[in-house]
Amino acid sequence: WYWQKEKREPYVKFMEANYPPGFSYEDFGPLFTAEFFDPNQWADILKASGAKYVVLTSKHHEGFTLWGSKYSWTWNAVDVGPKRDLVAELATSVRNRTDLHFGLYHSLFEWFNPLFLEDTTNAFKTRKFPTSKSLPELYEIVTKYQPEIIWSDGDGNAPDTYWNSTGFLAWLYNDSPVRDTVVTNDRWGVGSICTHGGFYTCSDRYNPGHLLPHKWENCMTIDQRSWGYRRNAQLDDYLTIEDLVKQLVETVSCGGNLLMNIGPTHDGRIAVVFEERLRQMGAWLKVNGEAIYGTKPWRAQNDTVTPEVWYTFSPEEGKVNAIFLNWPVSGTLELGEPQAKLGETQVKLTGYKELLKWVALGEKGIVIALPQLTPKELPCQWGWTLQLMDVN
């Protein structure tokens, strides 16, 4: 898009410097080889991240499908490049080796598809593209791979009536093989984003910092500058594990899910920097998962006194989780929100055995004495959870 349509200078120059004259986007097809793609290894890394679901980009805006779609002839991973059905392979590995829900991203429109461009010229009064390409693909992936998340994207500035989104969704929720388990997002045509859908995405990297009345998802990238893999990325471009834990905690406390994007390589690898971040996140969740999984937003999302403290609520145990991202130098943590009850409230540090001492601050607020621990004794390295039992 930047190179061919917008003709942005850095992209045009990059192509001129690194590829032969007359090189077209289609020429990338055979270069996408995926010879190192090991779906079992991917599944193991995804499981180790502590994630509960995965969404594979089955087709992006350039129309290349990662399965052998009969509606994308000679422009798919079975006919060109890897000569493999990458969707099927990953779906099988994820289902055999993990308990993750398997989801598929699918772009409604395609930047340069002649049928879509023709419909655009006709102000979407004709519907050649959705009827012959986009909709048949959606039915195909649902029937063939039975994904439990359909992550739709890219409305191409066309209304949902052009895409017949309501017709497809009615089938999906009533008659499809995943009708009882499937979840969808909110990108089904102009005007539907952030207003219709099982969960809202609102915009890429959406993190409002306050509670939303509807389930939502923060879909963001570990490489801050790209959704794909960049050979020329610098270490500074990648979010640190501290950044990622902060994103997760803020998101969950405000009622959202976190969808963390990684861009694999053309030869089918998850680069080690991404793998490290995913495994670090999994290590953090091993200790602090109770404050994340199955929680609901509490009456307060973040603390009023101490910054970088975020709350979640575990309804089954009736406990409040206060996740603090900075360990106080003083050894005591003051929280402005919880209302403690003398002789009843108990405070625990997740991953530490003994109960903590605390003092109430009048009507509202509590000061907690944290244990004196060496770095080796800390339950984890980047963000800690206090469990508050029996608070108002």
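Source: prediction; values computed, not measured.

### Let's talk about the packing of aromatic side chains
No. 1: Taken as a whole, this structure holds 31 aromatic pairs when the rule is applied.
No. 2: Consider the rings of Phe-64 and Trp-75, whose centres lie 4.9 Å apart with planes at 90°: the pair is edge-to-face. Linking Phe-64 in the loop between strand E1 (53-59) and helix H3 (86-97) with Trp-75 in the loop between E1 and H3, this pair joins segments that are 11 residues apart in sequence. Grouping residues by exposure puts Phe-64 and Trp-75 together as buried.
No. 3: Taken together, Trp-3, Phe-14, Tyr-19, Phe-23, Tyr-25, Phe-28, Phe-32, Phe-64 and Trp-75 form an aromatic cluster joined through their ring pairs.

### Observations regarding the layout of surface pockets
No. 1: As a volume, the second largest pocket reaches approximately 220 Å³.
No. 2: Taken together, 14 residues make up the lining of the second largest pocket; nearest its centre are Trp-1, Phe-109, Phe-116, Gly-156 and Asn-157.
No. 3: Class assignment for the residues of the lining of the second largest pocket results in 7 nonpolar, 4 polar and 3 charged.

### Here we look at the UniProt feature "domain: Glycoside hydrolase family 29 N-terminal" (unreviewed entry) in the protein
No. 1: With numbering matched to this structure, UniProt assigns "domain: Glycoside hydrolase family 29 N-terminal" (unreviewed entry) to residues 1-290.
No. 2: Taken end to end, residues 1-290 is 35% helix and 11% strand, and its two terminal C-alpha atoms sit 43 Å from one another.

### As for the pairing of strand E13 (residues 384-389)
The side chains of a regular strand alternate between both faces of the sheet.
No. 1: Within E13, 5 of the 6 residues are buried, which leaves it mostly tucked inside the rest of the structure.
No. 2: Sheet topology places strand E8 (residues 319-324) next to E13; 5 bridges connect them, and they run antiparallel. Within E13, the position partnered with Asn-321 by the bridge is Gln-387.
No. 3: As judged from the 4 bridges shared by strand E10 (residues 346-349) and E13, these two strands associate in the antiparallel manner.

### Here's the deal with the nonpolar core
No. 1: Core analysis: the biggest nonpolar cluster contains 100 residues, and Phe-168, Leu-172, Met-281, Trp-284, Leu-335, Ile-368 and Leu-386 have the highest contact counts within it.
No. 2: Among residues more than four places away in sequence, those in contact with Leu-386 are Val-320, Asn-321, Ala-322, Phe-324, Leu-333, Val-347, Lys-348, Leu-349, Leu-356, Ile-368 and Leu-370.
No. 3: Counting 8 residues, the second largest nonpolar core, distinct from the first, contains Tyr-53, Tyr-105, Phe-199 and Cys-219.

### Quick look at the domain arrangement of the protein
No. 1: Domain boundaries in the protein define domain 1 (9-291) and domain 2 (296-389).
No. 2: On a C-alpha basis, the centroid separation for the pair domain 1 and domain 2 is 37 Å.
No. 3: For the domain 1 and domain 2 pair, buried surface summed over both sides reaches about 1,600 Å², with 67% attributable to carbon and sulfur atoms.
No. 4: Among the residues of domain 1 in contact with domain 2, Ser-253, Val-287 and Ala-291 are the three that bury the most area, contributing 30% of the side total.
No. 5: Across the contact surface, domain 1 and domain 2 share 2 salt bridges.
No. 6: For Glu-290, the salt bridge is made with Lys-319, and the minimal N-O distance between the two is 2.6 Å.
No. 7: Counting every contact that joins domain 1 to domain 2 gives 6 residue pairs in polar contact (both at pLDDT 80 or more).

### Remarks on the state of the cysteines
No. 1: By the definition in use, this model includes 1 disulfide.
No. 2: Disulfide partner of Cys-194: Cys-202, at an S-S distance of 2.1 Å. Every disulfide takes its handedness from the sign of the S-S torsion; for Cys-194 and Cys-202 that torsion is 70°, giving right-handed.
No. 3: Judged by relative accessible area, which is 15%, Cys-202 ranks as buried.
No. 4: No disulfide involves Cys-219; its nearest neighbouring cysteine sulfur is the one of Cys-202, lying 12 Å away.
No. 5: The cysteine Cys-254 is free of any disulfide, with Cys-202 supplying the nearest cysteine sulfur at 13 Å.
No. 6: The buried category is assigned to Cys-254, whose relative accessible area is 0%.

What counts and how
Residues numbered from 1 in each chain as written. Predicted model: local features only at pLDDT ≥ 70, side-chain atom pairs only at ≥ 80, totals over all residues. Heavy atoms only, no water. Phe/Tyr/Trp six-rings, centres within 6.5 Å; stacked < 30°, edge-to-face > 60°. Helix = DSSP H or I, 4+ residues; strand = E, 2+ residues; numbered from the N terminus. Buried < 20%, exposed > 50% of the residue type's maximum accessible area, 1.4 Å probe, protein only. 1 Å grid on protein atoms, 1.4 Å probe; cavity = no way out; pocket = protein on both sides within 12 Å on 5 of 7 lines; lining within 4 Å. Points joined across faces, edges and corners; volume = space filled by probe spheres on them. Nonpolar A, V, L, I, M, F, W, Y, C, P; charged D, E, K, R; others polar. UniProt positions renumbered as here; feature names shortened; annotations may be inferred. Pairing = 2+ DSSP bridges. Core = buried A, V, L, I, M, F, W, Y, C linked by side-chain atoms within 4.5 Å. Contact = heavy atoms within 4.5 Å. Domains from an automatic or database assignment. Buried area = accessible area lost by both parts, 1.4 Å probe. Salt bridge = Lys/Arg side-chain N within 4 Å of Asp/Glu carboxyl O. Polar contact = N/O pair within 3.5 Å; in protein donor to acceptor, adjacent residues only side chain to side chain. Disulfide = S-S within 2.5 Å.

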